[in-house]
Amino acid sequence: QTYVSSVLPYKRGDILDRNGTVLARSELQYRLILDPKRLHMNPDSIEPTLVALTEYFDLNRQDIYTILEERPESQYVILLKNLTISEVEGFEALMKEDKTIMGVWFDKEYVRTYPFGTLASDIIGFTSTDNVGYYGIEEYYNDELNGTNGREYGYHDATLNIERIVKKAENGNSIVTTIDANIQRIIQKHIKEFNEELGSLNIGV
């Protein structure tokens with residue numbers, strides 16, 4: 001039996017203005033994962049799996065061969081990032097049709113986005129890729145916004161099916177601020193105009 005486990009990421013909480021307009025959110029995206037070890041355990045599946053990956057995702061065939069040769073014992077190689085749910089569902093449907101495609105699966109990840117770009121950016125702050133807040137609300141309420149990762153455990157049985165045990169992730173809390181996005185937009189417009197006309201060392205509103 002082969003033991004496998006993967007992290008189930010939590011969703012960082014949203015930051016909203018006083019009217020419920022979302023100023024910061026974490027959007028769900030997917031990573032395409034290759035399991036070379038499983039493919040080497042099923043050599044007849046290598047060719048159809050490579051054909052499916054190169055045709056559906058336009059990946060380089062030789063690059064995948066190189067991974068299989070250089071990392072034969074690995075069970076986790078990231079092939080692609082930032083995939084959408086439609087891309088994932090399309091390939092999963094292909095895998096259901098053709099059972100010879102194997103050793104490929106998808107990991108979830110959340111990517112922090114700011115729908116209004118730089119609006120109130122000095123107040124909101126930003127996050128690193130590992131959900132650490134820097135400056136503003138993102139940093140001050142970092143522990144509140146963050147949750148706890150879950151985990152999925154599993155074993156390949158003799159027929160190479162996976163028996164799974166899932167511990168769910170706990171998502172972070174959202175923050176409702178006193179910011180009004182419309183007022184903020186007007187203020188920033190006038191600050192920019194003032195600075196272009198007269199300039200200043202510092203401005204507070």
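These remarks concern the structure in this document. Every value quoted in this text rests on a predicted model; they were computed, and no experiment measured them. (Residues numbered from 1 in each chain as written. Predicted model: local features only at pLDDT ≥ 70, side-chain atom pairs only at ≥ 80, totals over all residues. Heavy atoms only, no water.)

Quick notes on the nonpolar core
Ranked by size, the top nonpolar core spans 23 residues in total, and within it Leu32, Leu34, Leu53, Phe57, Phe91 and Phe106 carry the most contacts. Elements supplying a minimum of two residues to this core: β3 (22–34), α2 (46–57), α3 (61–70), β4 (77–83), α4 (85–97) and β5 (104–113). Among all residues touching Leu32, those that are not within four sequence positions of it are Leu53, Phe57, Leu59, Val77, Ile78, Leu79, Leu80, Leu83, Val104, Trp105 and Phe106. In terms of nonpolar packing, the next biggest core, distinct from the first, is built from 11 residues, Ile15, Leu119, Leu145 and Ile179 among them. (Core = buried A, V, L, I, M, F, W, Y, C linked by side-chain atoms within 4.5 Å. Buried < 20%, exposed > 50% of the residue type's maximum accessible area, 1.4 Å probe, protein only. Helix = DSSP H or I, 4+ residues; strand = E, 2+ residues; numbered from the N terminus. Contact = heavy atoms within 4.5 Å.)

Remarks on α4
Note: α-helices contain 3.6 residues per turn, so residues at a spacing of three or four share the same orientation. The terminal C-alpha atoms of α4 lie 18 Å apart, and with 13 residues this matches the ideal 18 Å at 1.5 Å per residue to within 8%. All of the buried residues along α4 are Val88, Phe91 and Met95. Around the axis of α4, the buried residues are gathered within 75° of arc, so they sit on the same side. Those residues of α4 that are exposed and angled more than 90 degrees off the buried face are Lys96 and Glu97. (Expected span 1.5 Å × (residues − 1). Arc of directions from axis to C-beta.)

Comments concerning the pairing of β3
Burial runs high along β3: 10 of the 13 residues are buried. Bridging between strand β2 (residues 15–16) and β3 involves 2 bridges; their strand directions are antiparallel. Across the sheet, the residue bridging to Ile15 is Ala24, located in β3. The turn joining β2 and β3, which pair antiparallel and follow one another in sequence, is formed by 5 residues; a positive phi near 90° is taken by Gly20. Note that β3 and β5 share 10 bridges and pair antiparallel. Residue pairing across strands places Arg25 opposite Thr113, the latter belonging to β5. (Pairing = 2+ DSSP bridges.)

Some thoughts on the environment of Asp107
Within the secondary structure, Asp107 sits in strand β5. Sequence separation between Asp107 and Leu32 is 75 residues; the distance between their C-alpha atoms is 6.6 Å. Aside from chain neighbours lying at most four places away, what touches Asp107 is Ser6, Val7, Gln29, Tyr30, Arg31, Ile33 and Tyr76. At a separation of 2.4 Å, a polar atom in the side chain of Asp107 contacts the side chain of Tyr76. (Polar contact = N/O pair within 3.5 Å; in protein donor to acceptor, adjacent residues only side chain to side chain.)

Observations concerning the side chain of Asp17
Counting through the fold element by element, Asp17 comes out in the loop between β2 and β3. Despite its burial, Asp17 remains without a salt bridge, the nearest opposite charge being carried by Arg18 at 7.4 Å. Among the polar contacts made by the side chain of Asp17, one reaches the main-chain amide nitrogen of Gly20 at a distance of 3.0 Å. With residues up to four places along the chain from it excluded, the contact list for Asp17 reads Leu23, Val176, Thr177, Ile179, Asp180 and Ala181. (Lys, Arg positive; Asp, Glu negative; His and termini not counted. Salt bridge = Lys/Arg side-chain N within 4 Å of Asp/Glu carboxyl O.)

Examining the packing of aromatic side chains
In the structure shown here, the tally under the stated rule is 9 aromatic pairs. Measuring from ring centre to ring centre gives 5.5 Å for Tyr56 and Phe91, while their planes differ by 65°; the resulting arrangement is edge-to-face. With Tyr56 in helix α2 and Phe91 in helix α4, this residue pair connects regions lying 35 residues apart in the sequence. Ring geometry for Tyr76 and Trp105: centres 5.6 Å apart, planes at 65°, overall edge-to-face. Here Tyr76 is found in the loop between α3 and β4, whereas its partner Trp105 is found in strand β5, with 29 residues between them in sequence. The class for Trp105 is partly exposed, based on a relative accessible area of 27%. (Phe/Tyr/Trp six-rings, centres within 6.5 Å; stacked < 30°, edge-to-face > 60°.)

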